[in-house]
Amino acid sequence: MVANKKLLMLPGDGIGPEVMAEVRRLIDWMDRRRHVSFDVTEDLVGGAAYDVHGVAITDATMEAALGADAVLFGAVGGPKWDDVGYDVRPEAGLLRLRKDLDLFANLRPAICFDALADASSLKRDLVSGLDILIVRELTGGVYFGEPRGIEDLPDGQRRGVNTQVYTTSEIHRVCRVAFDLARKRGNRVCSTEKSNVMESGVLWRQEAQRVHDEEFPDVELTHMLADNCGMQLVRNPAQFDVIVTDNLFGDMLSDVASMLTGSLGMLPSASLGPADDSGRRRALYEPVHGSAPDIAGQGKANPLAMIQSYAMMLRYSFDMAEDADLLEQAVRNALDSGCRTIDIAGSGISPISCTEMGAAIVDELDRLAA
Ligand code: NAD
């Protein structure tokens with residue numbers, strides 16, 4: 001029996017609880033079939049927390065998040081809370097988690113399953129077998145830099161200001177994550193900035209190179225301007241293994257990459273914080289999609305983004321690569337055998353429900369582990 005792992009589940013709002021319920025099944029399966037136990041606590045976040053406590057996340061839940069080995073997050077928000085105050089709106093719960101856990105590295109894989117290659121906006125031969133990872137800096141850059149604001153000018157105009165700012169340590173730590181992950185994949189990193197027009201980009205390029213030369217000389221490093229990277233992602237995405245970039249460019253490039261793979265319901269993510277003395281990183285795993293109020297409560301949600309976020313948790317927080325591989329293979333097999341929720345069904349295929357997709361993954365796991 002492997003020692004218990006502390007897991008905080010925050011299902012949230014809308015389809016969040018529906019997709020999280022399918023992860024519960026997998027946790028039970030791991031317990032039964034792989035003898036891996038998780039010490040699971042579940043709590044409220046987002047609108048669900050606001051309805052009970054008047055805030056999007058309580059201090060007690062934050063304490064639990066700080067003490068957990070990993071946080072699994074569903075989704076927050078919905079029209080019910082459109083008029084609540086800015087500080088307590090559902091999204092404030094997620095922002096506080098990111099800030100207080102210091103989640104500086106956001107990992108967004110773009111994996112194209114063969115069975116879904118026709119759902120991509122690109123031609124099948126460009127995306128089939130695609131497996132790239134975008135590592136986005138999440139806590140610095142132009143979204144947080146000072147000065148910022150909108151000011152009135154003496155001539156009657158207004159001026160909006162944001163500041164792009166990075167320090168060497170901020171660049172070093174996110175690049176280290178990218179190089180480290182590359183070693184476990186294709187061993188290639190492409191660092192992306194705008195060093196042709198931005199000093200912060202010049203610094204980014206120099207410091208990425210320095211971390212590479214001093215600590216990761218075995219990993220292949222290339223540099224690319226962010227606009228070219230956007231173009232290359234739609235021209236020939238398979239050329240990339242790991243892309244590391246700042247907050248602003250990462251925001252855009254990861255959304256571009258996500259469309260290569262088809263549906264929002266298929267996209268997982270991980271956000272990692274600094275490592276402590278034992279090497280443990282604070283971490284939060286969540287699907288890229290939101291709470292999908294238009295389909296909530298109807299059993300139509302695709303649970304595979306949440307399930308793959310759970311697989312990322314096994315891989316990155318608990319070093320359980322074998323179990324993560326098994327789960328990802330089960331997802332691949334279920335898709336190959338024709339299982340489709342409504343978002344990926346396409347014409348002529350009758351979709352299955354969220355719970356049926358969860359059950360199909362468990363069936364595939366049983367078959368793989370037999
Ligand atoms: P959304 O991701 O919730 O939904 C966009 C579209 O994709 C909808 O048509 C939805 O039905 C579909 N969709 C999303 N996930 C799906 C899934 N797993 N299976 C099947 N279909 C799926 O984005 P939105 O509509 O812009 O936002 C809805 C709410 O979610 C808003 O309140 C927004 O603020 C919030 N939101 C939260 C997060 C988060 O919690 N991280 C992220 C994005 C949006």
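Residues numbered from 1 in each chain as written. Predicted model: local features only at pLDDT ≥ 70, side-chain atom pairs only at ≥ 80, totals over all residues. Heavy atoms only, no water.

**Observations concerning the pattern of salt bridges**
How we decide: One side-chain nitrogen of Lys or Arg within 4 Å of one carboxyl oxygen of Asp or Glu is enough to make a salt bridge. In DSSP terms, a helix is any run of H or I states spanning at least four residues, a strand is any run of E spanning at least two, and both are numbered starting from the N terminus.
The full count for this structure, using the stated rule, is 26 salt bridges. Of the charged contacts, one joins E215 and R176 as a salt bridge, the two residues approaching to 2.8 Å between their closest N and O atoms. With a gap of 39 residues between them, E215 in helix α7 (residues 199-215) and R176 in helix α6 (residues 168-183) connect regions that are remote in the sequence. Each of R34, E322 and D323 takes part in a single network of salt bridges with overlapping partners.

**Side note on empty space enclosed by the protein**
Applied cut-off: For each structure, a 1 Å grid was placed over the protein atoms alone; sets of points admitting a 1.4 Å probe that cannot get out are labelled cavities, open sets with protein on both sides within 12 Å along at least five of seven lines are labelled pockets, and lining residues have an atom within 4 Å of a point. Grid points are joined across faces, edges and corners, and a volume is the space filled by probe spheres set on the points. For this classification, the nonpolar set comprises Ala, Val, Leu, Ile, Met, Phe, Trp, Tyr, Cys and Pro, the charged set comprises Asp, Glu, Lys and Arg, and every other residue, Gly included, is treated as polar.
With the rule as written, the count across this model stands at two cavities of 30 Å³ or more. Taken as a whole, the largest cavity encloses approximately 50 Å³ of empty space. Lining the largest cavity are P109, I111, F113, T261, M266, L267, P268 and Q308. Here the lining of the largest cavity is built from residues that sort into six nonpolar, two polar and no charged. Size it by volume and the second largest cavity reaches roughly 40 Å³. Every residue lining the second largest cavity is listed: Q164, T192, E193, K194, M198, S200, G201, W204, D246 and F249. No other element matches the three residues that α7 contributes to the lining of the second largest cavity. Residues that form the lining of the second largest cavity fall into these classes: three nonpolar, four polar and three charged.

**Looking at the domain arrangement of the chain**
To keep things clear, this is the line we draw: As annotated, the domain borders come from an automatic or database domain assignment. In what follows, a contact means two residues having at least one pair of non-hydrogen atoms within 4.5 Å. Two parts lose some accessible area (1.4 Å probe) when they are put together, and adding that loss for both gives the buried area.
Domain annotation of the chain identifies domain 1 (1-110 + 267-370) and domain 2 (131-259). The gap between the C-alpha centroids of domain 1 and domain 2 is 26 Å. In this assembly, 16 residues from domain 1 lie in contact with 17 residues from domain 2. Summing both sides of the interface, domain 1 and domain 2 together bury roughly 1,500 Å²; the carbon and sulfur share of this comes to 59%. Looking only at domain 1, the three residues that lose the most surface to domain 2 are F104, R108 and A110, adding up to 45% of its buried area.

**Section: the site of the ligand**
Spelled out, the test is: Whether a residue is near a molecule or strand depends on its heavy atoms: if one lies within 4 Å, it is near. The definition of a polar contact used here is a pair of N or O atoms within 3.5 Å, where within protein one atom must be able to donate a hydrogen and the other to accept one, and adjacent residues in sequence count solely through side-chain atom pairs. Note on areas: Shrake-Rupley with a 1.4 Å probe; residue coverage comes only from the protein chains shown.
As a matter of local geometry, the ligand sits amid 21 residues, with E91, G290, A292, D294 and N302 nearest to it. In this structure, V76 approaches the ligand through a main-chain N or O atom, which is 2.9 Å from an oxygen atom. Within the backbone of S291, a nitrogen or oxygen atom sits 3.1 Å from an oxygen atom of the ligand. With the chains in place, 67% of the 800 Å² that the ligand exposes on its own is no longer accessible. Contributing elements (two or more residues each) for the shell around the ligand: β3 (70-75) and α4 (91-100). Across the shell around the ligand, the residue classes break down as ten nonpolar, seven polar and four charged.

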